[in-house]
Amino acid sequence: MAALSALEALTRGTRLVYTPGLRRYVFVPLAVNLLVYAAMLHYVLSHFGGWLAGWMAMVPGWLGWLEWLIWPLFVVTLVLMVFFTFTLVTHLIAAPFYGFLAARVEVSACGREPLDDRGLLRTGVDALGRELVKLAYILPRLAVLLVISWVPALNVAAPLLWAAFSAWVMAITYLDYPMDNNKVTFADMRRRLRARPWPTLSYGGLVTLITWLPLANLLLLPGAVAGAVLMWDRHYRGQTD
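Remember, it's a predicted structure, so these values are computed and weren't measured experimentally.

As a further point, take the pattern of salt bridges. Inspection of every chain in the model, using the stated rule, returns 10 salt bridges. Between Glu131 and Lys134 there is a salt bridge whose closest N-O contact spans 2.7 Å. Residue Glu131 and its partner Lys134 are located together in helix α4 (residues 120-150), separated by 3 residues, close to a single helical turn. There is no split in this pair, since Glu131 and Lys134 are both buried. In this structure, Lys134 engages Asp176 in a salt bridge whose closest nitrogen and oxygen atoms are separated by 3.3 Å.

What follows concerns the UniProt feature "transmembrane region" (unreviewed entry) in the protein. Under the feature "transmembrane region" (unreviewed entry), the UniProt entry names residues 25-48, 68-94, 135-154 and 200-232. Overall, residues 25-48 shows 92% helix and 0% strand. The separation of its end C-alpha atoms is 34 Å.

The subject of this paragraph is the environment of Pro178. Here Pro178 lies in helix α5 (residues 158-181). Once you skip the residues sitting within four places of it in the chain, Pro178 turns out to touch Ala102, Ala228, Val229 and Trp232.

Another point: the packing of aromatic side chains. To describe a pair of aromatic rings, you give the distance between the ring centres and the angle between the ring planes. Within the structure shown, the criterion is met by 4 aromatic pairs. An aromatic cluster is defined as three or more aromatic residues linked by ring pairs; in this entry it consists of Tyr98, Tyr174 and Tyr177. Geometry around Tyr177 places Lys134 over its ring, the cationic atom sitting 4.6 Å from the centre. Here the guanidinium or amino end of Arg141 rests over the ring plane of Tyr137, the centre of that ring lying 3.9 Å away.

A word on the environment of Arg130. With respect to the helices and strands, Arg130 occurs in helix α4. By relative accessible area, which is 12% here, Arg130 ends up buried. Remark: the alpha-carbon pair of Arg130 and Pro96, spanning 34 residues in sequence, is separated by 9.8 Å. Ignoring any residue separated from it by four or fewer positions in sequence, one finds Arg130 in contact with Asp176, Asp180, Val184, Thr185, Phe186 and Met189. Polar contacts involving the side chain of Arg130 include one to the side chain of Asp176, which spans 2.5 Å. Here the side chain of Arg130 touches Asp180 through a polar contact of 3.5 Å, side chain to side chain.

As a further point, take the nonpolar core. Of all hydrophobic cores here, the largest spans 59 residues; its most connected members are Val105, Tyr174, Leu175, Met179, Leu193 and Tyr203. Every element with two or more residues in this core is listed here: α1 (6-17), α2 (27-57), α3 (67-110), α4, α5, α6 (186-195), α7 (197-211) and α8 (216-236). Ranked by residue count, the leading element in this core is α5, at 12 residues. Leu193 has contacts with Trp168, Ala171, Ile172, Leu175, Met179, Thr200 and Tyr236, leaving out every residue within four places of it along the chain.

With that out of the way, let us pick up the confidence of the model for the protein. Per-residue confidence for the protein averages 81 on the pLDDT scale, and 83% of its residues sit at or above 70. Of all helices and strands in the protein, the one with the weakest mean pLDDT is α2 (75), whereas α6 scores best (95).

Inspection of the secondary structure assignment puts His235 in helix α8. Filtering out sequence-adjacent residues up to four positions away, His235 remains in contact with Leu4, Arg196 and Pro199.

Here the focus is unusual backbone geometry. If you check the backbone angles, Lys183 has positive phi at about 60 degrees while not being a glycine. Here Lys183 lies in the loop between α5 and α6.

Criteria and thresholds
- Residues numbered from 1 in each chain as written.
- Predicted model: local features only at pLDDT ≥ 70, side-chain atom pairs only at ≥ 80, totals over all residues.
- Heavy atoms only, no water.
- Salt bridge = Lys/Arg side-chain N within 4 Å of Asp/Glu carboxyl O.
- Helix = DSSP H or I, 4+ residues; strand = E, 2+ residues; numbered from the N terminus.
- Buried < 20%, exposed > 50% of the residue type's maximum accessible area, 1.4 Å probe, protein only.
- UniProt positions renumbered as here; feature names shortened; annotations may be inferred.
- Contact = heavy atoms within 4.5 Å.
- Phe/Tyr/Trp six-rings, centres within 6.5 Å; stacked < 30°, edge-to-face > 60°.
- Lys NZ or Arg CZ within 6 Å of the ring centre and 35° of its normal.
- Polar contact = N/O pair within 3.5 Å; in protein donor to acceptor, adjacent residues only side chain to side chain.
- Core = buried A, V, L, I, M, F, W, Y, C linked by side-chain atoms within 4.5 Å.
- pLDDT = per-residue confidence, 0-100.

Spelled out as structure tokens, the structure:
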């Protein structure tokens, strides 16, 4: 069986979710993303300049000669933080709908019913609980990154750390939808992802990139859910302890 690349999975997944049988599962998460995106964009545009000025004021005098380099690094870090926060919020709200979408894609594209037998309502409630488990895993690590981002000298490395962390978190976020539907625990899901680092980080990195595309990301994120189902079927389903 030929290897499935992250780009191929995302491309095929995006085509799938806009076919007649699956489109109806996209409308609600798409509307949620649009509303959150508009609210966050308004808030960020109102505060971005003040945040950046505050960070630049923290640069010690002896690093003043590097201001030309530090300023764009701070901008990149802020942009990463904003879109990272946007992604966390939208996925917390849209998680039940993405879970339903992943289940329908698995039937349509893989020819298999997910192992999940919890029923529609229980699945939706459990999806929110699973998102809280993800947040409990992500937030402490996010806090460490935030501290690094505010520490003079250390914060020069912040953009690279944010990029790597974002790729890992996006892999966890999206590949968990089909795994949760197939009764894979959160701990086992992380183990499976670590066992296949290249497909994991390449897919997470690609999804991270599309979250940075204003407006286009609203249309591509449901495709990322479908692509994650394809990645699950090809790279992770057959893994055993």
